[in-house]
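Chain and residue survey
Letter by letter, the chains look like this.
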Amino acid sequence: MKVDVLLGLQWGDEGKGKVVDVLTPGYDVIARFQGGPNAGHTLEFEGQKYVLRSIPSGIFQGDKLNIIGNGVVLDPALFKAEAEALEASGHSLKERLHISKKAHLILPTHRLLDAAYEAAKGDAKVGTTGKGIGPTYTDKVSRNGIRVGDILHGFERKYAVAKARHEQILKSLNYEYDLTEQEKAWMEGVEYLKQFSLVDSEHEINNFLREEKSVLCEGAQGTMLDIDFGSYPFVTSSNTVCAGACTGLGVAPNRIGEVYGIFKAYCTRVGAGPFPTELFDETGDKMCTLGHEFGSVTGRKRRCGWIDLVALKYSVMVNGVTKLIMMKSDVLDTFQTIKACVAYRLNGEEIDYFPYDIEENLEPVYAELPGWMTDMTKMKSEDEFPEEFNAYLTFLEEQLGVEIKIVSVGPDREQTIERYTE
Ligand code: GDP
Ligand code: IMO
Ligand code: MG
């Protein structure tokens, strides 16, 4: 058996949570492999809305096993709050959620360091989610991190050493803080974590594969935020690309099956950094309003613009996408004209690849297509699709070289249309 991977192809918030929930009935196990509570994955069904941060989006469908893999960074305080809220709404977790002992812990001082580093960067700040993601992965790579498994082995000493080291850095940055409240909640979170199955998830997943069980890996963030291939340095600190599923779960590359690449019918970005197709006019405002483009967790306004096929082609390439999924097409239902960026103009010259330096003066070159001007939110099958919408799909498939297998026409679980079903 192989593992399938679902990941965002843009700058995050493509709708990964919704689609993982939709695909979950077809799998036995759902696993997160990177990122942490910087993610906000929204699911809507039966009139209820949930936002997940660290817990996989397979948690709502039957008796599926959900795994937080070794590539994830976990904040025990935020995890406790998230898990308790789910338990309170009737969704039991303890039997159905396993956590890798090798996942790294986000310490309260990692969050302070995140804020202090951002403040020190001034105008060049990344606009992080402030959850301590960068400092935690930094400690992992520099071999100073604390792992989930450590809460069972000599934890107090390890915590004290890490905290002292962090406090020294904070002092050197003249960063003022009071840790009391945060530390208390965090320690309660550590105790709470002990109630879960802390596992060697690489063994667990490979055993499942041997038993012919199916696994879906849920990506967080998006390819353009990948630490290696994204718009560096305006990126997150993990490998959000498909290869991240191998290192973040202990799955061999030849075990990867389908790679679902998910994108919005337009494009958004939250936080700082280049965004060639960003719109600063009423068209962008309209996308933001109709798409409710505000951060699922932070509430920050997302920057909006037309779809960028140069960036998307790059994402399809580095991930080896086998199936595409297009989200939020309903947001464009009332647009007379749809634009799609097919190349960039750089110093008067047209280029069709994603350059090393995504400079400020990179100008998008657009193809224009007629809008469909039809409310698609209640459609149930592709037979109902307007002609112009089909033309948009065909255009995207020709440009990207991969079939669009699923189209999402609204936030609800039900508003999902499968294509090529025969
Ligand atoms: P994720 O981080 O990739 O899981 O995406 P987010 O949950 O951060 O952001 C996606 C937002 O779009 C959420 O508010 C979803 O409820 C919403 N959404 C998902 N699919 C659709 C869709 O097809 N149409 C509309 N209008 N909203 C959608
Ligand atoms: P989901 O999984 C959108 C962005 C931040 C910032 C940069 C670095 O919901 O798609 P970090 O806190 O990771 O160090 O921030 O990455 N970012 C996201 N943007 N969706 C996300 O997750 C994001 N997670 C991080 O805004 O620009
Ligand atoms: Mg999100």
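Residues numbered from 1 in each chain as written. Chains lettered and ligands numbered in written order. Predicted model: local features only at pLDDT ≥ 70, side-chain atom pairs only at ≥ 80, totals over all residues. Heavy atoms only, no water.

A closer look at the coordination of the magnesium ion (ligand 3)
- For the magnesium ion (ligand 3), the protein coordination sphere consists of Asp13 (OD) and Gly40 (O), at 2.1 to 2.2 Å. Here aspartate 13 is found in the loop between β1 (3-8) and α1 (16-23), whereas its partner glycine 40 is found in the loop between β2 (29-32) and β3 (41-45), with 27 residues between them in sequence.
- Residue classification places glycine 40 among the buried residues on the basis of a relative accessible area of 12%. (Donors = N, O, S within 2.8 Å, 3.2 Å for Na, K, Ca; no water. Helix = DSSP H or I, 4+ residues; strand = E, 2+ residues; numbered from the N terminus. Buried < 20%, exposed > 50% of the residue type's maximum accessible area, 1.4 Å probe, protein only.)

Overview of the site of ligand 1
- Near ligand 1, the surroundings consist of 20 residues, among which Lys16, Thr42, Ser296, Asp330 and Ser408 are the closest.
- Between lysine 328 and ligand 1, the recorded distance is 2.9 Å, taken from a side-chain N or O atom to an oxygen atom.
- A distance of 2.7 Å is found between a nitrogen atom of ligand 1 and a side-chain nitrogen or oxygen belonging to aspartate 330.
- For ligand 1, whose unbound accessible area comes to 580 Å², protein coverage reaches 94%.
- Contributing elements (two or more residues each) for the shell around ligand 1: α1 and β3.
- Residues of the shell around ligand 1, tallied by class, amount to four nonpolar, eight polar and eight charged. (Near = heavy atom within 4 Å. Polar contact = N/O pair within 3.5 Å; in protein donor to acceptor, adjacent residues only side chain to side chain. Areas by Shrake-Rupley, 256 points an atom, 1.4 Å probe, with all protein chains shown as cover. Nonpolar A, V, L, I, M, F, W, Y, C, P; charged D, E, K, R; others polar.)

Points about the UniProt feature "active site" (unreviewed entry) in the protein
- UniProt's feature table lists "active site" (unreviewed entry) at Asp13, His41 and Lys140, given in the numbering used throughout. The named residues occupy 128 residues along the chain; their greatest pairwise C-alpha distance, 25.6 Å, places them well apart from one another.
- In this fold, histidine 41 is placed in strand β3.
- Once you skip the residues sitting within four places of it in the chain, histidine 41 turns out to touch Lys16, Gly17, Arg32, Tyr50, Val51, Leu52, Ser57, Glu218, Gly219 and Ala220.
- Tracing the backbone shows lysine 140 in helix α4 (residues 133-141).
- Setting aside anything within four residues of it in sequence, one finds lysine 140 in contact with Asn70, Gly71, His104 and Gly145. (UniProt positions renumbered as here; feature names shortened; annotations may be inferred. Contact = heavy atoms within 4.5 Å.)

Let's talk about α1
- Judged by how many residues are buried, α1 sits mostly within the fold: seven of eight residues are covered.
- Every buried residue of α1 is accounted for by Lys16, Gly17, Lys18, Val19, Val20, Asp21 and Leu23.

Side note on the side chain of threonine 136
- Take threonine 136: it is sitting in helix α4.
- At a separation of 3.3 Å, a polar atom in the side chain of threonine 136 contacts the side chain of histidine 110.

Description of the domain arrangement of the protein
- Split into domains, the protein comes out as domain 1 (3-103 + 198-260), domain 2 (104-194) and domain 3 (264-310 + 328-399 + 410-418).
- Placing a centre on the C-alpha atoms of domain 1 and another on those of domain 3 gives a separation of 25 Å.
- Facing 22 residues of domain 1, the contacting portion of domain 3 comprises 23 residues.
- The contact between domain 1 and domain 3 buries some 1800 Å² in all, and 54% of this surface belongs to carbon and sulfur atoms.
- Area buried by domain 1 at its contact with domain 3 is led by Trp11, Asp13 and Lys18, which between them contribute 35% of it.
- Taken together, domain 1 and domain 3 are joined by two salt bridges.
- Note that arginine 302 is salt-bridged to aspartate 13, the shortest N-O span being 3.0 Å.
- At the junction of domain 1 with domain 3, the criterion picks out 12 residue pairs in polar contact (both at pLDDT 80 or more).
- Within the residue set of the side of domain 1 that touches domain 3, elements represented by two or more residues are α1 and β3.
- In terms of residue class, the side of domain 1 that touches domain 3 is made up of nine nonpolar, six polar and seven charged. (Domains from an automatic or database assignment. Buried area = accessible area lost by both parts, 1.4 Å probe. Salt bridge = Lys/Arg side-chain N within 4 Å of Asp/Glu carboxyl O.)

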